[in-house]
Amino acid sequence: MNLLRLDLQFFAGEKTEKATPRKKQDARKKGQVAKSADVNTAISLLAIFLSFLFIGAFMRDRILLMMRGTFQDYLLIELSDQNVHDLFITLAYQSAIILAPVMGVALVAGILANYLQVGFLFSTEAIQMKLNKLDPIQGFKRIYSMRAIVELLKSLLKITFVGFVTFSVLWLDIENVLRLSHMTVEQSLIYIATLTVKMGLFASAALLLLSLLDYLYQRYDYEKNLKMSKQDIKDEYKKSEGDPLIKSKIKQRQREMAMRRMMQDVPNADVVITNPTHYAIALKYDETKMDAPFVVAMGVDLVAQKIKEVAKANDVVMVENRPLARALYAQVDIGQAIPDEFFQAVAEIIAYVYQAKSI
């Protein structure tokens, strides 16, 4: 028996259930999302090399202008602190103009890559200082964990695959590479730039393909790490919805309080309409509160018996009318006025009650 109990406890604690939406939301608030850094790298590289097709001429002209100024003007200036400072400022400004479009494209591509993976998310949890990250034992476990081995294999795969694609592009154009020594300087630079962009585009596409596979793996690993045991789900339900036992006790206490308040109003009723055994509806007419008679208490079976006992103890008239009692119970709640279709029947009963009291 004890062995069976231990087995059941083991299976209850085994994380076999998918994470609930609440746990995923809590993890997202902490910055824990399914995300692949390779997707960011691949999209950024692909966007940068694609941008060279449009801004390449601009960058070429700016680089030639900077080189022309260097050889024609800057090499001939007098060496002084002020001249060196001005030269540094000028070269830094020209370099910034050349690199600004590339940096802008990289920034937009990085933001887009993150948004495509996780949407809009801002969380400071991931960058907070945690002392357990400085624990050498935990660091050793992370280095030699299964995840570290998987990351090593992924890196080797990326290097091999991207290297093969890049080498293939170069090998397919080997004839022009061998002819570089017979080209002019301008032709060589144009060819090398074109070949570099071509290799970059193919390498980026290859890396993008691998990054998509890595993203699928990251989603799988993310879902696996967020899995919950049956006990975890029960605990979360209790935390969010409240303990069912406590909730049932609260509802029972609320019903008891409502019952006491209802029974306190029965002595003030004008009449109690009965079934006679299953239903009891206590009505009161007060023109200062409502234009029509309203229900002050109602119930079935044991509650109906209790209402009749209180009514009898306080000399409240009880009238048997089975159809009316059933209809009122089905259509009216406590504190509500009776519907128009029951005015005539109820008015006759209340008139009879007033007449009986006046005799």
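The structure presented is a predicted model; accordingly, all values stated were derived computationally and were not measured.

## Some thoughts on the overall build of the protein chain
Alright, step 1. What the protein chain contains, in helices and strands, is 13 helices and four strands.
Alright, step 2. Residues classed as buried in the protein chain amount to 27% of the 359 residues present.
Alright, step 3. Expressed as a percentage of contacts within the protein chain between residues at least 6 apart in sequence, the contacts between residues at least 24 apart total 75%.
Alright, step 4. Approximately 25100 Å² of the protein chain is accessible, and the part contributed by carbon and sulfur atoms is 64%.

## A closer look at the pattern of salt bridges
Alright, step 1. Going through the model one piece at a time under the given rule, you end up with five salt bridges.
Alright, step 2. Asp 61 is paired through a salt bridge with Arg 60; the nearest N and O atoms lie 3.2 Å apart.
Alright, step 3. With a shortest N-O distance of 4.0 Å, Glu 223 and Arg 219 are connected by a salt bridge. Highlighted residues: Glu 223 and Arg 219, both in helix α8 (residues 185-225), separated by four residues, approximately one helical turn.

## Side note on helix α12 (residues 322-331)
Alright, step 1. When we look at burial in α12, the residues that qualify are Leu 324, Ala 325, Ala 327 and Leu 328.
Alright, step 2. Two or three places before Leu 324, at the opening of α12, Asn 321 has a side-chain oxygen 3.2 Å from that residue's backbone nitrogen.

## Let's talk about the UniProt feature "transmembrane region" (unreviewed entry) in the protein chain
Alright, step 1. UniProt's entry tags residues 39-59, 96-122, 156-174 and 189-217 with the feature "transmembrane region" (unreviewed entry), counted in the numbering of this structure.
Alright, step 2. Across residues 156-174, helical content stands at 95% and strand content at 0%; the span's end C-alpha atoms are separated by 26 Å.
Alright, step 3. The span residues 189-217 carries 100% helix and 0% strand; its end-to-end C-alpha distance comes to 41 Å.

## Some thoughts on the nonpolar core
Alright, step 1. Ranked by internal contacts, the top residues of the largest apolar core, which has 19 residues, are Ile 281, Leu 283 and Leu 328.
Alright, step 2. Those elements that provide at least two residues to this core are β1 (271-274), β2 (279-284), β3 (294-300), α12 and α13 (343-358).
Alright, step 3. With near-sequence residues (within four places) excluded, Leu 328 lies in contact with Ile 273, Ile 281, Leu 283, Met 298, Ile 338 and Phe 342.
Alright, step 4. Counting residues in hydrophobic clusters, the runner-up holds 15 residues, among them Met 262, Val 272, Val 296 and Ala 297.

## Some details on the sheet that holds β1
Alright, step 1. Taking strand neighbours across the sheet as the criterion, the four strands line up as β3-β2-β1-β4 in an open arrangement whose pairing is mixed. With one partner strand each, in any of the chains shown, β3 and β4 (317-320) form the two edges of the open sheet. Sheet twist, expressed as the mean angle between neighbouring strand axes with direction ignored, is 20 degrees.
Alright, step 2. Sitting on the sheet, helix α11 (residues 302-313) is in contact with β1, β2, β3 and β4, with an inclination near 130 degrees to β3.
Alright, step 3. Here α12 sits on the sheet in contact with β1, β2, β3 and β4, set at roughly 80 degrees to β2.

## A few points about the pairing of β3
Alright, step 1. Across the seven residues of β3, six count as buried, placing the element largely inside the fold.
Alright, step 2. In this structure, β2 lies alongside β3, joined through six bridges in antiparallel fashion. Opposite Leu 283, over in β3, you have Val 295 as the bridge partner.

## Looking at the packing of helix α3 (residues 37-72) against α8
Alright, step 1. For the pair α3 and α8, interaxial distance at closest approach is 8 Å and the crossing angle is 155 degrees. Relative to α8, the element α3 lies roughly antiparallel. The interaxial crossing formed by α3 with α8 has left-handed handedness. Contacts between α3 and α8 involve Asp 38, Val 39, Thr 41, Ala 42, Ile 43, Leu 45, Leu 46, Phe 49, Leu 50, Phe 52 and Leu 53 from the first element and Thr 196, Val 197, Gly 200, Leu 201, Ser 204, Ala 205, Leu 207, Leu 208, Ser 211, Asp 214 and Tyr 215 from the second.
Alright, step 2. A breakdown of the residues in the contact of α3 with α8 according to their chemical character gives 15 nonpolar, five polar and two charged.

## Let's talk about the confidence of the model for the protein chain
Alright, step 1. Considering every residue of the protein chain, the mean pLDDT works out to 79; 86% of them sit at 70 or more.
Alright, step 2. Throughout residues 1-11 the model reports pLDDT below 50, and contacts reaching past four residues in sequence, or to other chains, amount to zero contacts.

## Thoughts on α11
Alright, step 1. In this model α11 runs 17 Å from its N-terminal to its C-terminal C-alpha over twelve residues, within 8% of the 16 Å that 1.5 Å per residue would give.
Alright, step 2. Here α11 has its buried residues at Ala 304, Ile 307, Lys 308, Val 310 and Ala 311. Down the axis of α11, the smallest arc covering the buried residues is 165 degrees, so these residues share one side. Away from its buried face by more than 90 degrees, α11 exposes Leu 302, Lys 312 and Ala 313.
Alright, step 3. At the exit of α11 stands Asp 315, carrying a positive phi of roughly 60 degrees.

Calculation criteria
- Residues numbered from 1 in each chain as written.
- Predicted model: local features only at pLDDT ≥ 70, side-chain atom pairs only at ≥ 80, totals over all residues.
- Heavy atoms only, no water.
- Helix = DSSP H or I, 4+ residues; strand = E, 2+ residues; numbered from the N terminus.
- Buried < 20%, exposed > 50% of the residue type's maximum accessible area, 1.4 Å probe, protein only.
- Contact = heavy atoms within 4.5 Å.
- Areas by Shrake-Rupley, 256 points an atom, 1.4 Å probe, with all protein chains shown as cover.
- Salt bridge = Lys/Arg side-chain N within 4 Å of Asp/Glu carboxyl O.
- Polar contact = N/O pair within 3.5 Å; in protein donor to acceptor, adjacent residues only side chain to side chain.
- UniProt positions renumbered as here; feature names shortened; annotations may be inferred.
- Core = buried A, V, L, I, M, F, W, Y, C linked by side-chain atoms within 4.5 Å.
- Pairing = 2+ DSSP bridges.
- Axes fitted to C-alpha atoms, helices over the stretch in contact; angles between N-to-C directions.
- Parallel < 35°, antiparallel > 145°, perpendicular 65-115°, else oblique.
- Left-handed = near helix turned anticlockwise from the far one by under 90°.
- Nonpolar A, V, L, I, M, F, W, Y, C, P; charged D, E, K, R; others polar.
- pLDDT = per-residue confidence, 0-100.
- Expected span 1.5 Å × (residues − 1).
- Arc of directions from axis to C-beta.

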